[in-house]
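# Secondary and tertiary structure notes
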Amino acid sequence: MAATINTLIQDNSHLLEELQERIGYHFNDVRLLQLALIHSSFAFERMKNGCHNETQEFLGDAVLDLTVGYILFTRFPDMREGKLTRIRAALVNEAGLVKMARQIDLGKYLLLGHGEDASRGREKPSILACAYEALLGALFLDSGYDEALAFVRRWFEPLIDRHHGVLVTADSKSALQELLQEKYNEGPVYVLEDEEGPAHDRTFTVSVLFQGSLLGSGSASSKKEAEQQAAGAALDDLQSKQD
C-alpha cells in the first residue's frame, strides 16, 4: 500500500517527537518535518505521490548561506568579503553539514528505499548533508527567518568559537598549506586512496601526507571535499599536539 505524509506521521510519531527533542525545536506543521526526512529512493518505492525532500533541500541551502553569512558578517564586521566567503564555505560544505547531521543522529530518522538502506545510505555523506539542508528548509517554512537564524546560531556558533583560528585563516586545505609552508617551507601531498560506489554516487577516500608521514584522511562524495576533510583532520591533529 502506498504511503502518504499523514500515514507516515502516524507510523513515525515517536521518532518525529524524538528528533524534535534532539534539535530543540517543535514544528507547528509536523508534515514539513516528515517531508524533510523522505529520500527520493523511498519516495519512488513507497510514496503515493512521489514527494521527497529535494525541494526543501534547495530552500535550506539558500537559508543556510544567508543565516551563516549574516552571523559571520555581524561577528567579523571588518573582515574582507573573500575571507568571509571562504569561512562560510568551510562551515557549510558537505563535511561540515555531515558533522551537524551526525550530532543529531539524523540518519536514524531518514526514510530510505530498500536498496539505499541496505547499502548503508544512512551513513552516506551526500544523503546526510542534503537531509540537513532539507531539515533547515522545513524549519524556515514552519516559522520563518528569525527561527531559522536562531537554530543556525545554536548549532554553528559553537563551531565558530572552537575553530575560530582555522576558519579565519581560510578553508582547511589553505590553512594546512599555509601552516606547513610557513614552518617547513614545504606543502602537503594529497593521495587518492580509494573510490567506491556507482558513478552517480561515488565515495572518494583521500589521505594527506607530509614528508612521507600520514597527517589525516577523509571520505566524501567528491575528491575535492575528501581533500578538505583530510586537511581538516590533519589540522585537528596538529593543533591537539600543540595544546
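What comes next is a walk through the structure. (Residues numbered from 1 in each chain as written. Predicted model: local features only at pLDDT ≥ 70, side-chain atom pairs only at ≥ 80, totals over all residues. Heavy atoms only, no water.)

### Some details on the environment of serine 207
Examined against the element boundaries, serine 207 turns out to sit in strand β2 (residues 203-210). Setting aside its immediate chain neighbours within four residues, serine 207 contacts Val189, Tyr190, Val191, Glu193, Leu214, Gly216 and Ser217. Of note is the side chain of serine 207, whose polar atom sits 3.0 Å from the side chain of glutamate 193. (Helix = DSSP H or I, 4+ residues; strand = E, 2+ residues; numbered from the N terminus. Contact = heavy atoms within 4.5 Å. Polar contact = N/O pair within 3.5 Å; in protein donor to acceptor, adjacent residues only side chain to side chain.)

### Here's the deal with the pairing of strand β3 (residues 213-220)
Bridging between β2 and β3 involves seven bridges; their strand directions are antiparallel. Opposite leucine 209, over in β3, you have leucine 214 as the bridge partner. Here β2 folds back onto β3, and the loop between the two strands holds two residues, one of which, glutamine 211, carries a positive phi near 50°. (Pairing = 2+ DSSP bridges.)

### A closer look at the packing of helix α7 (residues 94-103) against helix α9 (residues 125-143)
One way to put it is that α7 packs onto α9 with a least axis distance of 8 Å and a crossing angle of 75°. Here α7 lies roughly perpendicular to α9, going by the angle between them. Judged by residue contacts, Glu94, Leu97, Val98, Met100, Ala101 and Arg102 of α7 engage Pro125, Ser126, Leu128, Ala129, Tyr132 and Glu133 from α9. Classifying every residue of the contact of α7 with α9 gives eight nonpolar, one polar and three charged. (Axes fitted to C-alpha atoms, helices over the stretch in contact; angles between N-to-C directions. Parallel < 35°, antiparallel > 145°, perpendicular 65-115°, else oblique. Nonpolar A, V, L, I, M, F, W, Y, C, P; charged D, E, K, R; others polar.)

### So, α9
Its 19 residues place the ends of α9 27 Å apart at the C-alpha level, agreeing with the 27 Å of an ideal helix rising 1.5 Å per residue. Along α9, 15 of the 19 residues are buried, which leaves the element largely enclosed by surrounding structure. Looking one or two residues beyond α9, the residue adopting positive phi is glycine 144, at roughly 95°. (Expected span 1.5 Å × (residues − 1). Buried < 20%, exposed > 50% of the residue type's maximum accessible area, 1.4 Å probe, protein only.)

### Considerations on the nonpolar core
By size, the foremost hydrophobic cluster in this structure holds 58 residues, and its most contacted members are Phe27, Ile38, Met47, Leu91, Leu106, Tyr132 and Phe156. In terms of residues, this core owes the most to one element, α9, which gives 10 residues. Excluding residues that lie within four positions of it along the chain, leucine 106 makes contacts with Leu19, Leu37, Ala101, Leu128, Ala131 and Tyr132. In terms of nonpolar packing, the next biggest core, distinct from the first, is built from 10 residues, Phe210, Leu215, Ala230 and Ala234 among them. (Core = buried A, V, L, I, M, F, W, Y, C linked by side-chain atoms within 4.5 Å.)

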